[in-house]
4 protein chains.
Amino acid sequence: MTRPRLVLAYSGGLDTSVAIRWLAEEKGYDIIALAIDVGQAQPGEMDRVRQRGLDCGAVESLVVDAKEEFANDYVGPAIAANALYMGKYPLVSALSRPLITRHLVESAKEHGAAAIGHGCTGKGNDQVRFEVAAMTIAPDLTVEAPIREWGLSRDAAIAWAAERDIPIPVKKDSPYSIDENLWGRTAECGILEDPWAQPPEDVYERSAALVDTPDEPEELTLRFVEGVPVEVDGQPLPLAALVAEVDRRAGRHGVGRIDMVEDRLVGIKSREIYECPGAVTILTAHRDLEDLCLEQELAQEKRALEGRYAQLVYNGLWFTPLKRAIDAFVAESQPFVTGEVRLQLFKGQAAVVGRRSTIGLYDESLATYDEGDAFDHTQAEGFVKLWGLPTKVWAQRQGHVRQ
Amino acid sequence: MTRPRLVLAYSGGLDTSVAIRWLAEEKGYDIIALAIDVGQAQPGEMDRVRQRGLDCGAVESLVVDAKEEFANDYVGPAIAANALYMGKYPLVSALSRPLITRHLVESAKEHGAAAIGHGCTGKGNDQVRFEVAAMTIAPDLTVEAPIREWGLSRDAAIAWAAERDIPIPVKKDSPYSIDENLWGRTAECGILEDPWAQPPEDVYERSAALVDTPDEPEELTLRFVEGVPVEVDGQPLPLAALVAEVDRRAGRHGVGRIDMVEDRLVGIKSREIYECPGAVTILTAHRDLEDLCLEQELAQEKRALEGRYAQLVYNGLWFTPLKRAIDAFVAESQPFVTGEVRLQLFKGQAAVVGRRSTIGLYDESLATYDEGDAFDHTQAEGFVKLWGLPTKVWAQRQGHVRQ
Amino acid sequence: MTRPRLVLAYSGGLDTSVAIRWLAEEKGYDIIALAIDVGQAQPGEMDRVRQRGLDCGAVESLVVDAKEEFANDYVGPAIAANALYMGKYPLVSALSRPLITRHLVESAKEHGAAAIGHGCTGKGNDQVRFEVAAMTIAPDLTVEAPIREWGLSRDAAIAWAAERDIPIPVKKDSPYSIDENLWGRTAECGILEDPWAQPPEDVYERSAALVDTPDEPEELTLRFVEGVPVEVDGQPLPLAALVAEVDRRAGRHGVGRIDMVEDRLVGIKSREIYECPGAVTILTAHRDLEDLCLEQELAQEKRALEGRYAQLVYNGLWFTPLKRAIDAFVAESQPFVTGEVRLQLFKGQAAVVGRRSTIGLYDESLATYDEGDAFDHTQAEGFVKLWGLPTKVWAQRQGHVRQ
Amino acid sequence: MTRPRLVLAYSGGLDTSVAIRWLAEEKGYDIIALAIDVGQAQPGEMDRVRQRGLDCGAVESLVVDAKEEFANDYVGPAIAANALYMGKYPLVSALSRPLITRHLVESAKEHGAAAIGHGCTGKGNDQVRFEVAAMTIAPDLTVEAPIREWGLSRDAAIAWAAERDIPIPVKKDSPYSIDENLWGRTAECGILEDPWAQPPEDVYERSAALVDTPDEPEELTLRFVEGVPVEVDGQPLPLAALVAEVDRRAGRHGVGRIDMVEDRLVGIKSREIYECPGAVTILTAHRDLEDLCLEQELAQEKRALEGRYAQLVYNGLWFTPLKRAIDAFVAESQPFVTGEVRLQLFKGQAAVVGRRSTIGLYDESLATYDEGDAFDHTQAEGFVKLWGLPTKVWAQRQGHVRQ
């Protein structure tokens, strides 16, 4: 009798390495380990991850390079929507989870698997993102959550793995729980759990400490076409390469460190450290260009929807009709967002120092106080009178109520 | 026959100095010049401004120190509401205009004046702020806008003043139009009108150029009680003094420069340069402490209202019932915002590196991945299933529609 | 050894009657049955409910008349907030659940009980409302949900009760699941589960069928003071009595039937039939008076918050800081809502035919097109020009993009 | 020398009839009268209007039948967006103004006209709608507003016309100012200006008085495909014909009378009487079908945007990028809105009594309390616990603050 197959989202780390064996032993699955490269890996690393999957007992071990797909289909819309959860977090992991789920589901269909699996715990957001995505694109697939179900502590897992000679990759020197991709890097656990304690420098990898940054500012010009960054300093680049390049350059200047207390969907607050040099730089530029290019009523309503959008992506609702509807709103606004933004990278900051667009709505002849002023000042008087009329009537009739 | 009196908001600058004479000659008023110190003045400067008012032809010239009032009644609520127009501008001038209007009205009543006046042009926001505020608190007073009505260019105004020996204060070296108070400093005009051009260093006064900032980071701890900052590094200070102290220290590190294209109520975009070392530092800390202290549904709705609040203050609707209603919402949230925030000032940044509160909602026993975890992981499964249920039903029934 | 005590929210119906015995047998509690009158009971009925609690095995059986409390502390704020879930449902049950929970908790403290209990199933909203309310006001009390835990079907429950001679109140002729209070009546189940089928007439009790309504319209005038209805046709009444009186009169005319498909928090859609003659009439009048009395920016923002408010009350978040913050916003608006509304009750409708207020913001001298017009038409031109300016600039610069 | 031409939006009424001559005499234009039929006209009436234009002095007089265009391009999107200003007014006139402006502009181009003109006063919304629409689609055309500029009272206009033998159409018995089209009819002025006075029956034309309505209810079934109503009682109809048919049938039952105090963009409140039997019936059905067919998060956000949408259409911002962006959001939601709605028309009401859809999200197997229940009740416990967790932590940590 053949055993049912399960495609597991495999990172090569402790939890999913142990989960391969546990799912085989306890749940009776043949495991297909699937590792997705969304920009987290060093050259050669994905090959080692694939081999480790086999060593841990997977019947098959696969690697997919999804960097371009991640950039174009997930990071791109997030840029358009200026997606920052709680105004701060660029949704690093939240963006990759639906992509990974899509690949798990596709691979499960291809390999005739009855289930997919993820290595998330029961208190994080990622379990929600994997499972709600799976419910949506493959409502009939079983989803296994071995780590949540098993409930092992880290030490117990290491002991369990040692008993079975599972070749787990415990880096002794990394006390943090890390997730990483093209769009950024996230760290939690350990000393970080005290929100009053300053994060130690060893938590960071992609951004230089300010003391180690160059003492000269570096200028960087981003060109956007219809909301998408397409050139760095005049050099056209595909989005994945562009994000990586900006990330590298901004990281060298210590840009993109985010230290925050975050509201999780499962009802708790957690302290999170993110490093997103590229994301912070690109989003800063994109928002600035929108200030130049978007009509003000549109801009205002878009800002209001952006918070909702970031929240729904954070909460795992990527493949939902609301997500598609907000994307449609945003897509209608982006054709106007074409132009260039000059940034200065220096000592932890990516500061915009200039922006221009051939279709920008800034009209110097209207804005200037110098000669050439085309603004009709006399219209202002009527405007002010009617703009203030509701307040004036209110003051006359109701101003005395509970002042 | 006595001439009617008019109380003019007097800054000591070119426009209002000329306006004194113009209102007297053309409109037949006796002018009372009223200069309000909201934190813009150097020691002794207000005395010179008062004298200049008389020299320019005012029948009376008055000075009011409103720094404490400005801090407590205008800046305080703005901190509570994290008020940033377009997510960027701390509303420096927008906050002072209703205060100045209130003093104009009071002074007009005291001196039996028939009118008040301001020196705004017809294309800015300040005319709206003065006039709508006046309509609300004194719907029967006449408001004169000599600069808007007269429509003189700067050069013509200088010539007109010279003919009459009006002692105007033309600083040859200041090509910008400046407004300043405790909460920040704003500059526009001249070279700044090209949004692609980087602002020259001479536009800044309150923040050091990054090249001139200290090479060592400086730590600063702010203590908030019920949303109001009350201590700097353990030292209790009244709000006005506290803002000034934080402004000075953050400014030394180059914090608080804002370069933006802004949507004015009168329908145009303008390029603005703000310097707000204190405001940026305090707002950064306040928002961070809220992340620790506000329940998540409250926090989310408050963020949505904050944009609306900043917009209405920007648009001159300070003395309106909507402003009061949002203030009431915000006031209900602030009793929870008590605690301390550690910031690191360095090279243009005020970065939060720690926060704590005895009533913070971060619960380490729920958040930790270590021993002592009090979170019941098994509840998560049911939660995820029901959280995803609407999406799942949608996928089953409608997923095929327009995929 | 004494058994722990549990205070059960007791309705006298099948489920909670059976639950008394089940909790005693299976969970080892001594049950205190607590029945709350929030306006659902006929005279004498609460006495019978109390007796039935004892007959079913409760060690104590209590009845509380909470009609006034319900009206003042729950219905009043809902009127102020025009609370209608999905724009339709006046939150009948959602408003009573926090009140009932408050009494359960108080009674548990008074009687030294270790737990409280409710008779809700696992797929409705009421379980959430009871339990989240309890978590908030008594986070340390255990909450039992016998019906959800036991999972018995209706028929099985009847059989189980028969075996034990539990005197259950099965009305043979009521195939619906009913909840009722001062603010309305709700029905679900049975034939109603087909959303295409018109509800049979026997589902209704508080509103006359249109064929049976009077053939003459009836006028009803409601007077509000600060947002609260205080008089019917000139007759002052306490709120509970006023709601009952309006309910009776409007119900006679068939007003207040609501037939809707509703989104439950637990992720499913359900078909619900509500009868709320009083609620619909009072809310219609209150909204109309607000149109007369609220300044337009305030009115617009209040409307936006009302949807959020109804949703949070529906979702069981009554005792939360967000609820209190929105209440504070709303409370700031209600002092202006004083005046009278004339309604015509006729054939299922409560139509407003007139409204007036001594502090209304309608100003005939501004609105009139006749003589006496005080509106300055010439101001309109400047207003229109600046109002349209952003759109005009957009059209000139970007109108060609993706038309 | 040839006189410049002006295309005037011509209704055949007093104001625009007089304006033809005034624009010719005072402004020196040759007038082209353009009358647009958006459903307001009786058969033959448009011919008489055209003739009257010539009689009043127009050099050319044109009539356009725009009923289908109005239905498809203006009413259709308004249905999709459930557009009701202040939750009540279906935007009758607001929808026709941009269409009329589009035709004025097109006609001006075709006839080489230098200007267009409208007959609005300075205190209404229509001047804004005409002029902002014109600024957007033809920023270089001059717009004349003769009635606003001239400022004549009604009596003076009649006298002026009489002096010149202008054949004005003063219906002695119509004391109201009327605007009408396919989507409804609006009345203001005269006795209606007292918001306490019940409107006299003579103000209504398209809806029967309740005393005159049939004593039997009438059932009407509407079928929608992707949000557009396409069939009445199984009979396919183009949208314009469908709206007219539903209007006629619902009007016979007295459906669609709206009596409200309205907030105008120009800052005043006005009392308005609308008659919209078709609009009210169709919107009621459309909203009901959405409750069945839209996923709940999408539905909730759409409801929030609908208020904004109605407001911007009311405020004349039809041809703006924000309008297009919200349309894109709405368009993404409508493919799911396919199905049928049964309504009962009776005594002033259009009540939904059933709805169905092959892709509806109501799932009887999830919703039922009977056998066949597919809902897993045990998941609810975990859901409730995590749903309430933020509130519980808040209660424990902050519940004591300002209770």
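Scroll up to find the structure.
Reading the values: rules and limits
Residues numbered from 1 in each chain as written. Chains lettered and ligands numbered in written order. Predicted model: local features only at pLDDT ≥ 70, side-chain atom pairs only at ≥ 80, totals over all residues. Heavy atoms only, no water. Contact = heavy atoms within 4.5 Å. Buried area = accessible area lost by both parts, 1.4 Å probe. Salt bridge = Lys/Arg side-chain N within 4 Å of Asp/Glu carboxyl O. Helix = DSSP H or I, 4+ residues; strand = E, 2+ residues; numbered from the N terminus. Nonpolar A, V, L, I, M, F, W, Y, C, P; charged D, E, K, R; others polar. Axes fitted to C-alpha atoms, helices over the stretch in contact; angles between N-to-C directions. Parallel < 35°, antiparallel > 145°, perpendicular 65-115°, else oblique. Left-handed = near helix turned anticlockwise from the far one by under 90°. Buried < 20%, exposed > 50% of the residue type's maximum accessible area, 1.4 Å probe, protein only. Pairing = 2+ DSSP bridges. Right-handed = clockwise from strand over helix to strand, strands pointing away. Polar contact = N/O pair within 3.5 Å; in protein donor to acceptor, adjacent residues only side chain to side chain.

Caption draft 1: Representation of the interface of chain B and chain C within the structure. Contact with chain B, which involves 22 residues of that partner, is made by 22 residues of chain C. For the pair chain B and chain C, the summed buried area comes to about 2,100 Å², and 68% of that belongs to carbon and sulfur atoms. At the boundary of chain B and chain C, one finds six salt bridges. For the side of chain B that touches chain C, the secondary structure elements donating two or more residues are α10 (296-314), α11 (321-333) and α13 (378-398) of chain B. The element that contributes the greatest number of residues to the side of chain B that touches chain C is α11(B), accounting for eight residues. Taken together, the residues of the side of chain B that touches chain C sort by class into 15 nonpolar, one polar and six charged.

Caption draft 2: Representation of the packing of helix α3 (residues 67-80) of chain A against helix α4 (residues 92-110) of chain A in the model. All names here are of chain A. It is at 10 Å that the axes of α3 and α4 come closest, and there the two elements cross at 135°. Relative to α4, the element α3 is oriented oblique. Where α3 crosses over α4, the handedness of that crossing is right-handed. The segment α3 lies against α4, with Glu69, Phe70, Tyr74, Val75 and Ala78 engaging Val92, Leu95, Ser96, Pro98, Leu99, Arg102 and His103. Classifying every residue of the contact of α3 with α4 by side-chain character gives eight nonpolar, two polar and two charged.

Caption draft 3: The pairing of strand β2 (residues 30-37) of chain B, seen in detail. Residue and element names in this part refer to chain B. Of all eight residues in β2, seven are buried; the element is thus mostly enclosed. Pairing of strand β1 (residues 5-9) with β2, which is carried by five bridges, proceeds in the parallel orientation. Bridge pairing in β2 places Leu6 opposite Ile31. Taking the sense of rotation as the criterion, the β-α-β connection linking β1, helix α1 (residues 14-27) and β2 turns out right-handed. Across six bridges, β2 lies against strand β3 (residues 60-65) in parallel orientation. Within the sheet, the bridge partner assigned to Asp37 lies in β3 and is Asp65. For the handedness criterion, the β-α-β arrangement of β2, helix α2 (residues 45-55) and β3 is classed as right-handed.

Caption draft 4: A look at the environment of Trp160(D). Structurally, the position occupied by Trp160(D) is in helix α7 (residues 154-163). The contact partners of Trp160(D), leaving out residues within four places of it in the chain, are Val18(D), Arg21(D), Trp22(D), Glu25(D), Trp150(D), Leu152(D) and Ile166(D).

Caption draft 5: Quick look at the side chain of Glu180(B). Residues and elements named next belong to chain B. Within the secondary structure, Glu180 sits in strand β6 (residues 177-181). Residue class for Glu180 comes out buried when judged on its relative accessible area of 18%. In terms of polar contacts, Glu180 uses its side chain to reach the side chain of Arg206, at 3.2 Å. Sequence-distant contacts of Glu180, that is, excluding residues within four places in its chain, are made with Val38, Gln40, Arg185 and Arg206.

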